[in-house]
Amino acid sequence: MNASNLEDILNTENAQLQKLNDIVCKAIDEEKLLSEKLLEFEDKNPPFVSRLADKVASFGGSWKFIISFAAVMLLWIVINAVAQKPFDPFPFILLNLVLSTIAALQAPVIMMSQNRKEEKDRQRAINDYMINLKAEIEVRNLHGKLDLLMTEQMQTLFEIQKTQMKLMEDIRNLVKDVH
């Protein structure tokens, strides 16, 4: 009878461990699914025009561009102010046309780049939300695992206590029979 009780307790422990193992395996599978889903949203090979827009916006918003553009404008003005036959005399109408054309082309390209970056930021926010949701689910799973462990451990402890009480009763009866 005692061996039977011990086998029952060991079987209960094995069942508890199997439940925990199943929960952990499920959590690992869910994590793989989340990481695979996040990788789907990565834009690994953006189209050429998108890469070009990003490079133009990057250069157009740099000090390198500002300094080189100021130098070209200054050179343009000096050459046309000093030359005997300037190709763009004083009101610098051609310079204004060039500046207007550059501004007209650069603005939409920068906006395209900003739109792409905004879309990336939006996707990052969605990914962050999914990761936070996953963390919340993991915390809930951990609470469930702890509750399961505590419940099953209490059941096991009660079984062990019952067995010990039975053994103590058997010992008490044996002692009474000996006296």
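See the structure printed just above.
Quantities reported herein were computed from a predicted structural model and do not represent experimental measurements. (Residues numbered from 1 in each chain as written. Predicted model: local features only at pLDDT ≥ 70, side-chain atom pairs only at ≥ 80, totals over all residues. Heavy atoms only, no water.)

Participant: Would you mind going over the overall build of the protein with me for this structure?
Facilitator: The helix and strand tally for the protein stands at four helices and zero strands. Counting from the amino terminus, helix and strand elements in the protein follow one another as α-α-α-α. Counting the 179 residues in the protein, one finds 18% classified as buried. Counting only carbon and sulfur atoms, one obtains 66% of the accessible surface of the protein, whose full area is about 14,300 Å². (Helix = DSSP H or I, 4+ residues; strand = E, 2+ residues; numbered from the N terminus. Buried < 20%, exposed > 50% of the residue type's maximum accessible area, 1.4 Å probe, protein only. Areas by Shrake-Rupley, 256 points an atom, 1.4 Å probe, with all protein chains shown as cover.)

Participant: Could you clarify how one ought to interpret the side chain of glutamine 106 in this entry?
Facilitator: The residue glutamine 106 is located in helix H4 (residues 93-178) in this model. Other than its neighbours up to four places away in sequence, glutamine 106 contacts Gly60 and Phe65. (Contact = heavy atoms within 4.5 Å.)

Participant: Help me understand a nonpolar patch on the surface, please; the structure alone is not making it clear to me.
Facilitator: Among the surface-exposed residues, Leu75, Ile79, Phe87, Leu94, Leu97, Val98 and Ile102 lie close enough to one another that they form a single nonpolar patch of about 590 Å² accessible area. Elements supplying a minimum of two residues to the nonpolar patch: helix H3 (63-82) and H4. Here the nonpolar patch gets four residues from one element, more than from any other, and that element is H4. Positionally, valine 98 belongs in helix H4. (Patch = residues over 30% accessible without salt bridge, like charges linked within 9 Å, V, L, I, M, F, W, Y side chains within 5 Å. Salt bridge = Lys/Arg side-chain N within 4 Å of Asp/Glu carboxyl O.)

Participant: How do you make sense of unusual backbone geometry when you look at a structure like this?
Facilitator: Excluding glycine, residues mostly carry a negative phi; peptide bonds, for their part, are mostly trans. With a phi angle near 55°, phenylalanine 92 is a residue other than glycine that sits in the positive phi range. Following the sequence through the fold, phenylalanine 92 ends up in the loop between H3 and H4. You can call phenylalanine 92 buried: its relative accessible area is 14%.

Participant: So what exactly am I meant to see when it comes to the packing of helix H2 (residues 48-60) against H4 here?
Facilitator: The relative placement of two packed helices comes down to the angle between their axes together with the axis-to-axis distance. Two elements in contact, H2 and H4, have axes whose closest approach is 8 Å; the angle formed by their N-to-C orientations is 110°. Taken together, H2 and H4 sit at an angle that is classed as roughly perpendicular. As H2 packs across H4, the resulting crossing turns out to be left-handed. Residues Ser50, Ala53, Asp54, Val56, Ala57 and Gly60 of H2 form the contact with H4, whose own contacting residues are Gln106, Val109, Ile110, Met112, Ser113 and Arg116. Among the residues forming the contact of H2 with H4, the class breakdown is six nonpolar, four polar and two charged. (Axes fitted to C-alpha atoms, helices over the stretch in contact; angles between N-to-C directions. Parallel < 35°, antiparallel > 145°, perpendicular 65-115°, else oblique. Left-handed = near helix turned anticlockwise from the far one by under 90°. Nonpolar A, V, L, I, M, F, W, Y, C, P; charged D, E, K, R; others polar.)

Participant: Looking at this structure, I do not really get the packing of aromatic side chains. What am I missing?
Facilitator: Given two aromatic rings, their pairing is described by the distance between the two centres and the angle made by the two planes. Per the counting criterion, the structure on display carries four aromatic pairs. For the ring pair phenylalanine 59 and phenylalanine 65, a centre distance of 5.5 Å and an interplane angle of 75° mean the geometry is edge-to-face. Accessibility expressed as a relative area gives 40% for phenylalanine 59, which makes it partly exposed. Between the aromatic rings of phenylalanine 65 and phenylalanine 69, the centroid separation amounts to 5.3 Å while the plane-to-plane angle is 20°, which identifies the pairing as stacked. Pair noted here: phenylalanine 65 and phenylalanine 69 are both in helix H3, with a separation of four residues, about one helical turn. Ring-pair connections join several aromatic residues into one group, and the members of that group are Phe59, Phe65 and Phe69. (Phe/Tyr/Trp six-rings, centres within 6.5 Å; stacked < 30°, edge-to-face > 60°.)

Participant: Hey, could you run me through the pattern of salt bridges in this one?
Facilitator: Close approach of charged atoms allows side chains of opposite charge to pair. In total, this model carries seven salt bridges according to the counting rule given. Note that arginine 122 is salt-bridged to glutamate 119, the shortest N-O span being 2.4 Å. Highlighted residues: arginine 122 and glutamate 119, both in helix H4, separated by three residues, approximately one helical turn. Accessibility expressed as a relative area gives 40% for arginine 122, which makes it partly exposed. What makes glutamate 119 partly exposed here is its relative accessible area of 42%. Salt-bridge contacts for lysine 134 lead to glutamate 138; the nearest nitrogen and oxygen are separated by 2.9 Å. Linking lysine 134 with glutamate 138, this pair stays in helix H4, spanning four residues, or about one helical turn. A relative accessible area of 11% means that lysine 134 is categorised as buried. One salt-bridge network, held together by shared partners, links Glu118, Glu119 and Arg122.

Read these as layout, nothing more, since geometry by itself doesn't imply function.
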